[in-house]
Amino acid sequence: SEIPPIPAPLLDALLALEEPERSSKWLRCLFEEDKDEAITQIALWQAYQARFAHAVDNMGRPLLPAAEFIKNVSTTFAEKAAAQVQAGPVQKFIIKGIRLRDAPVDLTGRPYQKCLWTTPTPDGTGTRPCGAFFMEPAEMFTHIFSSHLRVPKAASPSPSPHTPSGEGAGEIAEPKTEGGKFTNDEGTYRCLWPGCTRFRNPIQIRPAQLAAHIKIHLPPPSPLGASAKQPSWVSPALTQSFSFLSTPVDERGDAAGIPLTAVLVLRNLARNLRRLGREEEEREDERENGGGRMVARYFGGVKGELWFVFAHNKSLASYLGDLLIAIAE
Ligand SMILES: [Zn+2]
Ligand SMILES: [Zn+2]
């Protein structure tokens with residue numbers, strides 16, 4: 001896989017460093033040790049050049065020569081990475097022992113989060129995840145709203161849009177529009193986060209509503225200061241999660257409050273309806289239903305909901321059991 005560009009703040013931090021520290025830190029941000037993996041020397045060297053060559057023109061910190069750069073890879077990974085020649089039909093010069101991280105880490109080892117928004121490939125024939133990296137969910141949110149959804153921004157309330165251009169006026173204008181607030185005018189939007197089923201098709205929606213939706217997709221921020229203890233490619237064991245509904249409980253964990261009262265009232269209603277129904281049917285001489293018609297008339301429509309609460313609310317389950325029995329008897 002190709003070596004991705006690193007996030008701009010990280011690049012800025014690296015650009016302030018001298019070689020060989022700069023290339024070492026850059027390697028650490030993008031790669032991790034893995035004795036079974038390898039990367040070609042040419043890919044590494046080209047990525048290094050692509051990232052830093054232009055900065056050299058601006059800041060005058062020359063790149064390492066290729067041979068030194070490759071030697072520095074081994075030094076950086078404490079001799080766990082080694083330059084090798086891979087035999088085969090085509091000889092390959094590789095660095096054995098490192099692999100590309102799933103997402104880069106910053107200089108403190110905190111991993112970035114990747115934007116997974118579905119975007120067209122450059123040749124327009126397919127799609128791929130956006131792949132831009134962000135440290136904070138808020139940054140990714142702004143990125144999705146402006147770059148992917150293109151939600152319009154309110155005109156900057158600055159008093160004079162065309163100040164007589166002094167020095168650097170252009171650079172000042174740019175961040176101002178970037179930081180502007182998004183408008184909340186209804187528009188046609190769709191959500192292209194992978195796996196989204198809510199807004200996959202374009203709909204008319206206000207950006208504020210859309211924002212609430214987009215936020216459910218954003219990955220949680222990576223913990224501060226907790227550098228990844230395990231390699232990024234080790235995914236945590238699959239777990240199955242169940243969600244339960246919680247309502248008030250007393251100090252012994254028993255159901256309490258209005259939810260409990262509501263279930264008890266419903267149970268009494270069901271029992272009394274059955275009794276009433278039975279009396280009515282006795283008069284009409286239709287004993288075979290045992291009063292069940294009346295209960296069914298009132299509770300039939302919400303049976304699904306009652307079973308749902310029975311299954312999802314641990315503290316109310318036994319009371320709902322009584323209610324369901326009263327309905328079913
Ligand atoms: Zn994106
Ligand atoms: Zn979505």
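Structure: see above.
Let me sum up the structure you'll find in this document. (Residues numbered from 1 in each chain as written. Chains lettered and ligands numbered in written order. Predicted model: local features only at pLDDT ≥ 70, side-chain atom pairs only at ≥ 80, totals over all residues. Heavy atoms only, no water.)

### Topic: the overall build of the chain
Check the secondary structure of the chain and you find 11 helices and nine strands. The 329 residues of the chain split such that 35% are buried. Partitioning the contacts of the chain with sequence separation of at least 6, the portion at a separation of at least 24 is 61%. For the chain, the exposed area adds up to about 20,500 Å²; of that, 56% sits on carbon and sulfur atoms. (Helix = DSSP H or I, 4+ residues; strand = E, 2+ residues; numbered from the N terminus. Buried < 20%, exposed > 50% of the residue type's maximum accessible area, 1.4 Å probe, protein only. Contact = heavy atoms within 4.5 Å. Areas by Shrake-Rupley, 256 points an atom, 1.4 Å probe, with all protein chains shown as cover.)

### Concerning the coordination of the zinc ion (ligand 2)
In ideal tetrahedral geometry, four donors around a metal make angles of 109.5 degrees, whereas ideal octahedral geometry with six donors gives angles of 90 or 180 degrees. Around the zinc ion (ligand 2), the protein supplies Cys191 (SG), Cys196 (SG), His213 (NE2) and His217 (NE2) as donor atoms, at distances of 2.0 to 2.2 Å. Coordination at the zinc ion (ligand 2) comes from four donor atoms whose angles at the metal span 102 to 117 degrees, giving a geometry best classed as tetrahedral. (Donors = N, O, S within 2.8 Å, 3.2 Å for Na, K, Ca; no water. Tetrahedral: all angles 85-135°; square planar, octahedral: opposite > 155°, others 65-115°.)

### A few points about the packing of helix α2 (residues 21-30) against helix α4 (residues 66-76)
For the pair α2 and α4, interaxial distance at closest approach is 10 Å and the crossing angle is 60 degrees. The angle between α2 and α4 places the two elements in the oblique class. Taken as a pair, α2 and α4 cross one another with a handedness that is right-handed. Of α4, the residues touching α2 (which contributes Ser23, Ser24, Trp26, Leu27 and Arg28) are Phe69, Asn72, Val73 and Thr76. Tallied by class, residues from the contact of α2 with α4 come to four nonpolar, four polar and one charged. (Axes fitted to C-alpha atoms, helices over the stretch in contact; angles between N-to-C directions. Parallel < 35°, antiparallel > 145°, perpendicular 65-115°, else oblique. Left-handed = near helix turned anticlockwise from the far one by under 90°. Nonpolar A, V, L, I, M, F, W, Y, C, P; charged D, E, K, R; others polar.)

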